[in-house]
Amino acid sequence: MARSHWLFIAALSAILCGGVHTFKPFTFDQRQISHGDITEMAILRKTAEVCRDLAQKEGRPFSLTIDSRLSASAVQAACSPGSDPSLLSSIKFKAAIVEVYVSNWGVDLSLHFFYPEYHFDDETFVEGRNLITQGRTIVKKSVTEESFLSARVTLGKICHTLQDFYSHSNWIELKNQAPFSTLIKPDVPFTNLADKNTPTCTDCIGGNCENNILPEILRAKKLTSGYFDVFSSKKPTGKCSHGGFFDQTSKQKPIGGINKDATDSDHGNRHVDAANMAINATMELLEDIRGAIGDINFLRLMGITHSSVLAFVIDTTGSMFDDIEEAKRVAFSIIDSKQTSAYILVPFNDPDFGPLTRTTDAALFKKRIAALGASGGGDEPEMCLSGLQLALTGAPPFSEIFVFTDASAKDIYLKSTVLSLIESTKSVVTFMLTKVFGGRRRRSSDSNNQGQQQQFSSRVSSSASQEYQQLAQASGGLAIQASKANLPQATSIILDSTTSALVTLFQAVRNPGKDEDYIFMVDPSIRNLTAYITGNSVTYSLQNPLGVQQSSAEPNGSLGSIQAVGNLNRIQLNQQEGLWKIRISSTQPYQLKVTGQSTIDFIFTFFNILMDPLKGMELSEGRPQVGTNTTLFLTVTSNTPVNVTEVSLVEASGAGQTNGTLQDLGRGNYLMTVDKMPGGVFNVRVTGMSASSSRSSSTVFQRQSNTQIKASSLIVSVQNTSNLEPGVPISIPFTVRSPGSNPLHLISVRDDKNFVQGFPAMLSLVNGSAQGSVNLIAPGDTLSGTDVTVTITAESSDRSDSNYAVVRLSVVAKVTDISPPVCQGSTTGNCSGTCSLSSWELSANITDDNGTGVTSVSARGGNGTLNSTISVGEGGINVTQVFYSASCCAPDLELVVVDAVGNVGRCIYSVRVPSPTAPPTVPVTPSKGAASLAPRLSVWTSLLIILKAFIAM
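If you're wondering where the values come from, they're calculated on a predicted model, not measured in any experiment.

A.B. asks: Honestly, helix α6 (residues 148–168) in this entry has me stumped. Any pointers?
C.D. replies: For α6, built from 21 residues, the straight-helix expectation of 30 Å at 1.5 Å per residue is met to within 8% by its first-to-last C-alpha distance of 30 Å. Most of α6 is tucked away, with 19 of its 21 residues classed as buried.

A.B. asks: Where do I start with the state of the cysteines in this structure?
C.D. replies: One way to say it: the disulfide is the covalent bond shared by the sulfur atoms of two cysteines. Under the counting rule described, the total for this entry stands at six disulfides. Between the sulfur of Cys-51 and that of Cys-79 lies a disulfide, 1.9 Å long from S to S. Here Cys-51 and Cys-79 share a disulfide; its torsion about the S-S bond, 110°, makes the bridge right-handed. Residue Cys-51 is found in helix α2 (residues 35–58), and its partner Cys-79 is found in the loop between α3 (72–78) and α4 (91–106); the two are separated by 28 residues along the sequence. A relative accessible area of 4% places Cys-51 in the buried class.

A.B. asks: Honestly, the packing of α2 against α6 in this entry has me stumped. Any pointers?
C.D. replies: Helix-helix packing is described using two parameters, namely the angle between the two axes and the distance between the axes. Relative orientation of the contacting elements α2 and α6 amounts to 110°, with a least axis distance of 11 Å. On the basis of their axis angle, the class for α2 and α6 is roughly perpendicular. Residues His-35, Ile-38 and Thr-39 of α2 form the contact with α6, whose participating residues are His-160, Gln-163 and Asp-164. In the contact of α2 with α6, the residues fall into one nonpolar, four polar and one charged.

A.B. asks: Explain the sheet that holds strand β29 (residues 756–758) to me, please; I cannot follow it from the model alone.
C.D. replies: The pairing of strands in a sheet comes from backbone hydrogen bonds and takes either a parallel or an antiparallel form. Within the open sheet, the four strands sit side by side as β26-β27-β31-β29. Their pairing is antiparallel. Only two strands of the sheet have a single partner each, and these edge strands are β26 (715–718) and β29. Across the sheet, the mean angle separating the axes of adjacent strands is 35° when strand polarity is ignored. Relative to strand β31 (residues 769–776), strand β27 (residues 730–737) runs antiparallel, the two sharing eight bridges. Bridged to Thr-735 within β31 is Gln-771.

A.B. asks: When you look at the side chain of Ser-250 in this model, what are you seeing that I'm missing?
C.D. replies: Secondary-structure assignment places Ser-250 in the loop between α7 (215–219) and α8 (271–293). For Ser-250, the side chain forms a polar contact with the main-chain oxygen of Gly-244, separated by 3.5 Å. Within the structure, the side chain of Ser-250 is placed 2.7 Å from the backbone oxygen of Asp-247, a separation counted as a polar contact. Setting aside anything within four residues of it in sequence, one finds Ser-250 in contact with Ser-241, Gly-243, Gly-244, Ile-255 and Gly-256.

A.B. asks: Help me understand helix α13 (residues 415–425) in this model?
C.D. replies: Along an α-helix, residues three or four positions apart point the same way, because every turn accommodates 3.6 residues. For α13, the tally of buried residues reaches nine of 11 residues, placing the bulk of the element in the interior. For α13, every residue scored as buried is listed here: Lys-415, Thr-417, Val-418, Leu-419, Ser-420, Leu-421, Ile-422, Glu-423 and Thr-425. With its phi angle positive at about 55°, Lys-426 sits one or two positions after the end of α13.

A.B. asks: What exactly am I supposed to notice about the packing of helix α10 (residues 321–337) against helix α11 (residues 362–370) here?
C.D. replies: The interhelical angle for the contact between α10 and α11, taken along N-to-C directions, is 170°, at an axis separation of 10 Å. Here α10 is positioned roughly antiparallel relative to α11, judged by the angle of their axes. Contacts from Ala-327, Lys-328, Ala-331, Phe-332, Ile-335 and Asp-336 of α10 reach α11 at Ala-362, Phe-365, Lys-366, Ile-369 and Ala-370.

A.B. asks: Help me out: how do you make sense of the confidence of the model for the protein chain in this one?
C.D. replies: Parts of the model with low pLDDT should not have their predicted coordinates read in detail. Scored by pLDDT, the protein chain comes out at a mean of 86, with 87% of its residues at no less than 70. Scored below 50 in pLDDT, residues 436–460 makes 45 contacts in the model with residues more than four places away or belonging to other chains. In this model residues 927–953 is a low-confidence stretch, pLDDT under 50, and it forms 73 contacts with partners more than four residues away in sequence or in other chains.

A.B. asks: Just to check I follow, could you spell out unusual backbone geometry for this structure?
C.D. replies: For residues besides glycine, phi is generally negative; the peptide bonds are generally trans as well. Of the consecutive residues Lys-253 and Pro-254, the connecting peptide bond is found in the cis state with omega at -5°. Relative to the helices and strands, Pro-254 is located in the loop between α7 and α8. Positive phi outside glycine occurs at Asn-767, with the angle close to 55°. Among the secondary structure elements, Asn-767 is positioned in the loop between β30 (762–764) and β31. Despite not being glycine, Arg-799 shows a phi value in the positive range, around 60°.

A.B. asks: Even after reading the chapter, I still don't get the nonpolar core, so can you show me in this structure?
C.D. replies: Side chains of a nonpolar character, in soluble globular proteins, are inclined to be buried together. With 65 residues, the main nonpolar core has Phe-93, Leu-155, Phe-165 and Tyr-166 as its most contacted residues. Elements that contribute at least two residues to this core include exactly α2, α3, α4, α5 (125–144), α6, α8, α9 (295–301) and β16 (601–612). Counting residues per element, this core draws most heavily on α8, at 11 residues. Discounting chain neighbours no more than four positions away, the residues touching Tyr-166 are Trp-171, Ile-172, Pro-179, Phe-180, Leu-183, Lys-260, Ala-274, Met-277, Ala-278 and Ala-281.

The rules behind each value
Residues numbered from 1 in each chain as written. Predicted model: local features only at pLDDT ≥ 70, side-chain atom pairs only at ≥ 80, totals over all residues. Heavy atoms only, no water. Helix = DSSP H or I, 4+ residues; strand = E, 2+ residues; numbered from the N terminus. Expected span 1.5 Å × (residues − 1). Buried < 20%, exposed > 50% of the residue type's maximum accessible area, 1.4 Å probe, protein only. Disulfide = S-S within 2.5 Å. Axes fitted to C-alpha atoms, helices over the stretch in contact; angles between N-to-C directions. Parallel < 35°, antiparallel > 145°, perpendicular 65-115°, else oblique. Contact = heavy atoms within 4.5 Å. Nonpolar A, V, L, I, M, F, W, Y, C, P; charged D, E, K, R; others polar. Pairing = 2+ DSSP bridges. Polar contact = N/O pair within 3.5 Å; in protein donor to acceptor, adjacent residues only side chain to side chain. pLDDT = per-residue confidence, 0-100. Core = buried A, V, L, I, M, F, W, Y, C linked by side-chain atoms within 4.5 Å.

What follows is the structure in structure tokens.
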């Protein structure tokens with residue numbers, strides 16, 4: 001059989017069966033522990049440890065037990081002392097975890113599947129460690145530049161490689177009780193590796209492979225790993241194989257394998273041990289990253305926050321004085337009254353936009369927004385979408401972004417890029433539009449010219465409003481039109497949107513408008529129930545679950561209070577559990593959105609799993625493919641037990657919906673498979689049952705996604721992207737596929753740093769696909785840790801269909817310093833007797849010989865006083881002198897010292913009698929919660945894929 005056919009079959013088997021080459025990411029067998037489980041449990045435990053240490057440092061109690069039963073909501077609560085539990089959502093924490101392990105899965109869903117170093121196959125220990133340590137540097141640098149999403153993507157990739165070591169090597173068979181720390185220490189040489197000429201295995205006997213590693217290898221503690229190849233059975237003489245049906249090397253002597261990917265693998269009896277060791281190794285990696293970036297940044301990396309991001313994109317041209325003053329007032333009010341996790345500010349005018357301010361410092365944000373002034377102008381359109389693009393790439397996913405402008409967009413050509421970023425980040429964009437489009441900048445006093453300009457202004461106003469309305473609706477935001485005088489009343493929506501635990505219960509768009517009844521469910525967890533209706537010439541009536549009604553003509557009725565300003569109706573509804581109805585009457589376009597505060601929320605990701613006989617598997621996260629089998633991965637968070645009963649794709653502009661097959665994966669994760677993806681625009685709606693803390697029975701809840709999704713017949717996929725080195729050009733290959741008859745497709749590529757140098761403007765598809773590449777280069781002075789977001793959009797030549805791929809890259813300069821700083825110190829003091837009456841001291845010198853220099857020193861585990869100074873020692877080497885004193889009631893100290901490239905040194909001191917301090921491991925046993933968290937294809941769809949592929953060959 002041809003090599004391409006072998007690759008195709010091997011790739012397909014990996015999707016259907018899982019476990020061919022990794023901890024099973026796709027199996028639904030509840031006896032297995034997957035990459036997703038390993039990653040999530042390690043993150044939960046390490047995050048809980050960080051919050052415990054912070055509590056100890058601040059003298060606060062911490063009662064959470066750190067074990068295998070942790071949940072995201074429990075860790076979030078333990079990390080958020082003093083917060084109202086009913087309004088403490090863990091959705092951003094869970095979303096960060098999902099981002100990490102989706103990236104983890106991607107290592108197998110790419111050509112990396114066949115590269116041994118990504119899995120520690122073929123005894124590639126040096127190469128595998130290089131991937132881990134280089135990626136670790138990228139994570140640290142990305143966090144330094146507050147590029148948290150890029151950091152999570154890189155973290156997921158290196159976690160996959162690190163975790164595979166414990167399944168694919170003989171580390172477990174050597175009876176090691178702790179992780180192999182050398183894998184995250186590039187300055188530590190490998191020892192006792194089995195060389196290429198040393199036999200390591202013998203044949204499996206009688207179908208049992210438990211004892212096929214040679215006894216002399218085990219006695220000598222020689223490290224080896226299995227060989228794997230789907231094309232050839234060749235391997236070095238006497239070497240172990242990975243094993244499994246599709247590993248051709250395992251059919252050559254020595255027959256069999258040593259992998260522990262699943263309980264039915266050749267060494268499956270050690271599967272749980274390997275998975276537990278992989279959890280502890282992942283925690284060790286996370287601890288190293290924590291040491292370099294600090295506890296607060298570690299929590300930000302993991303999405304631990306119970307507050308929102310305040311993100312403003314503001315037009316700063318001449319007529320915007322009133323708007324800017326109102327934006328300042330609202331921002332200052334929110335900063336002074338609420339806890340906000342981060343602040344984003346992007347100014348724009350013409351021809352400039354930016355810079356981006358991204359900070360956690362409220363005082364700095366106040367200073368930057370206070371410095372904004374209104375000036376210039378002349379012509380009407382501004383660089384609005386350029387500013388919005390910058391905000392979408394700089395803000396965290398799921399952000400609420402507010403755009404203030406009174407002008408149309410000069411850069412409307414960016415609309416498809418902005419839509420792609422909205423769908424990718426699932427951020428909500430609301431436009432605050434004041435009604436002076438065009439006419440605000442008349443250059444001539446001539447009355448005829450003024451009259452012509454006013455007519456033009458009316459056209460621009462309508463066009464700009466429609467463009468902004470479409471972007472807002474796609475994100476689940478609103479396009480609010482108000483006069484400058486009434487803008488302060490309209491900005492109340494910003495205060496609503498920056499509250500914690502904000503969820504969407506229902507939303508719908510009608511264009512053209514029509515009379516219609518809308519029904520939505522309110523569950524007991526909902527607080528601050530609010531409805532928003534935008535549109536002109538709209539009348540409506542409200543009805544609560546008891547049948548009580550109120551019309552839009554009653555601003556203060558029995559069901560709630562109504563505030564009308566411009567095209568916005570804001571309705572603060574009374575809390576009433578059950579089915580509500582809103583009847584809207586209008587022939588003009590309108591939008592309805594109902595929100596509240598609740599801990600019950602969800603996130604989702606669509607996967608297009610592609611099979612290519614030449615390239616293998618691809619995981620595309622663009623728009624789902626219309627008319628085909630599609631998988632939706634769903635995660636639900638709540639501080640009380642919930643059970644999802646239905647997931648639907650609901651038409652955004654109609655009542656139609658598509659349901660799929662739903663499977664519960666445990667840990668709040670679900671999988672929905674749609675046999676045929678519908679066309680049009682839709683939202684995801686989740687319905688389920690929630691256990692209430694105030695009652696014994698369960699109640700129905702309903703949630704709906706903000707982001708609108710539009711399926712496409714096109715697929716744009718990117719594989720094997722590499723990171724950028726300053727001054728070094730790279731190329732990003734991409735593929736466009738379409739089953740349609742139109743062979744020509746327009747290509748556009750945008751990035752937020754202007755690094756893109758070239759790309760094909762058009763591709764002609766042959767047999768339904770074509771390949772292109774994007775060339776880009778980061779300037780030589782680009783800071784390490786800078787991230788760049790590249791959006792590749794393909795559009796059919798008749799512009800009837802489009803899809804996109806979003807690529808996030810990090811810029812990292814070559815690192816030659818791989819050694820951590822070193823401590824030399826001594827303790828003094830007498831800690832006998834009553835500890836509170838005695839103290840001890842430490843004096844230490846910290847050096848980073850031939851390195852990049854010590855940048856920080858922190859104390860962990862003690863509550864004493866730490867002081868440090870930098871001096872110049874012998875040979876001109878900088879020496880950091882550390883002085884520490886503490887009560888004998890705190891006899892232990894760990895100094896964490898970090899150099900400029902993120903190498904972490906740890907220096908342990910104690911004035912107590914030494915005792916074993918190795919942290920106990922917390923074993924994980926397979927359960928429903930340990931089931932795989934990745935999607936699978938249906939058997940019928942898979943057979944159809946095989947048939948299509950072989951017909952095409």
